[in-house]
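# Reading the structure
Residue strings, one per chain:
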Amino acid sequence: MTPATLRAWQRHMNFTQAKAARALGMSRSGYCDLLSGVHRGSGRPIEISRRTALACAAIAAGLGEWVNPG
């Protein structure tokens, strides 16, 4: 996932940055770092993890948190 595809997901979901961050369980500033592709503090590039990409897909599919049925 790239910052551009993360932005596209946010638009598709009609989320604000704050709502997208909450949905992904992260701070708004951390989410903004993902959108920019650069860590504010260090200036280093940020790679959006597969975990975040999968979470975006799950949220878009309307899935909630996993609940152990057993």
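So, here is what we can say about the structure in this document. Given the structure is predicted, the values throughout are model-derived calculations rather than measurements. Along each chain, the written sequence defines residue order, and numbers are assigned to residues from 1. At least 70 in pLDDT is required for a residue's local features to be given in this predicted model, at least 80 for side-chain atom pairs to be given and counted, and no such filter applies to totals for whole chains, interfaces and linings, which use all residues. The side-chain numbers reported here are obtained from all heavy atoms of the structure, hydrogens and water having been left aside.

## Brief notes about the side chain of Asp-33
We apply this condition: Secondary structure counts use DSSP, requiring at least four H or I residues in a row for a helix and at least two E residues in a row for a strand, with both numbered from the N terminus. Any pair of nitrogen or oxygen atoms within 3.5 Å is treated as a polar contact; in protein, a donor-acceptor pairing is required on top of that, and neighbouring residues in sequence qualify only through side-chain atoms on both sides. Only heavy atoms enter the contact rule, under which two residues are in contact if any of them lie within 4.5 Å.
Along the chain, Asp-33 turns up in helix α3 (residues 28-36). A polar contact is formed between the side chain of Asp-33 and the side chain of Arg-40, at a distance of 3.0 Å. Beyond its immediate chain neighbours, meaning those up to four positions away, Asp-33 contacts Val-38, His-39, Arg-40 and Ile-46.

## Concerning the layout of surface pockets
Empty space among the atoms becomes apparent when a probe as large as a water molecule is rolled across them. Rule in force here: Computed over the protein atoms alone on a 1 Å grid, cavities are sets of points where a 1.4 Å probe fits but cannot get out and pockets are open sets with protein on both sides within 12 Å along at least five of seven lines; a residue lines them when it has an atom within 4 Å of a point. Grid points are joined across faces, edges and corners, and a volume is the space filled by probe spheres set on the points. Lys, Arg, Asp and Glu make up the charged group, whereas Ala, Val, Leu, Ile, Met, Phe, Trp, Tyr, Cys and Pro make up the nonpolar group; the residues left over, Gly among them, are polar.
Put simply, the largest pocket is a space of about 160 Å³. Here the residues of the lining of the largest pocket sort into five nonpolar, one polar and one charged.

## Considering the state of the cysteines
Worth spelling out the cut-off: Note that a disulfide, as used here, is simply two cysteine sulfur atoms within 2.5 Å.
Across all of its chains, the model carries zero disulfides by this definition. The closest cysteine sulfur to the non-disulfide-bonded Cys-32 is located on Cys-56, 14 Å from its own sulfur.

## Quick notes on the packing of helix α2 (residues 17-24) against α3
What counts is decided by this rule: With axes taken as lines fitted to C-alpha atoms, and helix axes fitted only over the stretch in contact, angles between N-to-C directions fall between 0 and 180 degrees. Geometric relationships in this document are graded by angle, where less than 35 degrees denotes roughly parallel, more than 145 denotes roughly antiparallel, 65 to 115 denotes roughly perpendicular, and other angles denote oblique.
Orientation of α2 relative to α3, taken along the N-to-C sense of each, is 100°, at an axis distance of 9 Å. Between α2 and α3, the interaxial angle falls into the category roughly perpendicular. Of α3, the residues touching α2 (which contributes Gln-17, Ala-18, Ala-20, Ala-21 and Leu-24) are Arg-28, Tyr-31, Cys-32 and Leu-35. When grouped by side-chain class, the residues that make up the contact of α2 with α3 number seven nonpolar, one polar and one charged.

## With respect to unusual backbone geometry
Across the chain, the bulk of peptide bonds are trans and the bulk of non-glycine residues have phi less than zero. Unlike most non-glycine residues, Asn-14 shows phi in positive territory, near 55°. Its place among the elements puts Asn-14 in the loop between α1 (3-13) and α2.

## Considering the nonpolar core
What counts, and what does not: In plain words, nonpolar cores are sets of buried Ala, Val, Leu, Ile, Met, Phe, Trp, Tyr and Cys residues tied together by side-chain atoms within 4.5 Å. Relative accessibility under 20% of the residue-type maximum defines a buried residue, over 50% an exposed one, and the middle range a partly exposed one, all with a 1.4 Å probe and only protein chains included.
Residues Leu-6, Trp-9, Phe-15, Ala-20, Ala-21, Leu-24, Tyr-31, Leu-34, Leu-35, Ile-48, Cys-56 and Ile-59 constitute the largest nonpolar core, which totals twelve residues. The set of elements that each furnish at least two residues to this core consists of α1, α2, α3 and α4 (50-60). Residue contacts for Phe-15: discarding those within four places in its chain leaves Trp-9, Gln-10, Ala-20, Ala-23 and Ile-59.

## Some details on the pattern of salt bridges
Opposite charge on two side chains makes pairing possible when the charged atoms of those side chains draw close. Definition in use: Here a salt bridge means any side-chain nitrogen of Lys or Arg lying within 4 Å of a carboxyl oxygen belonging to Asp or Glu.
Following the criterion strictly, the structure yields one salt bridge and no others. As a salt-bridge pair, Asp-33 and Arg-40 come within 3.0 Å of each other at their nearest N and O atoms. Overall, the relative accessible area of 58% leaves Arg-40 in the exposed class.

## Focus on the packing of aromatic side chains
Put simply, the rule reads: The rule is short: rings of Phe, Tyr and Trp, with Trp giving its six-membered ring, pair when the centres are within 6.5 Å, and they are stacked under 30 degrees, edge-to-face over 60, tilted in between.
Applying the stated rule across the entire model yields one aromatic pair. Between Trp-9 and Phe-15, the aromatic rings sit 5.6 Å apart at their centres with planes inclined by 85°, giving edge-to-face as the arrangement. For the pair formed by Trp-9 and Phe-15, the shared burial category is buried.

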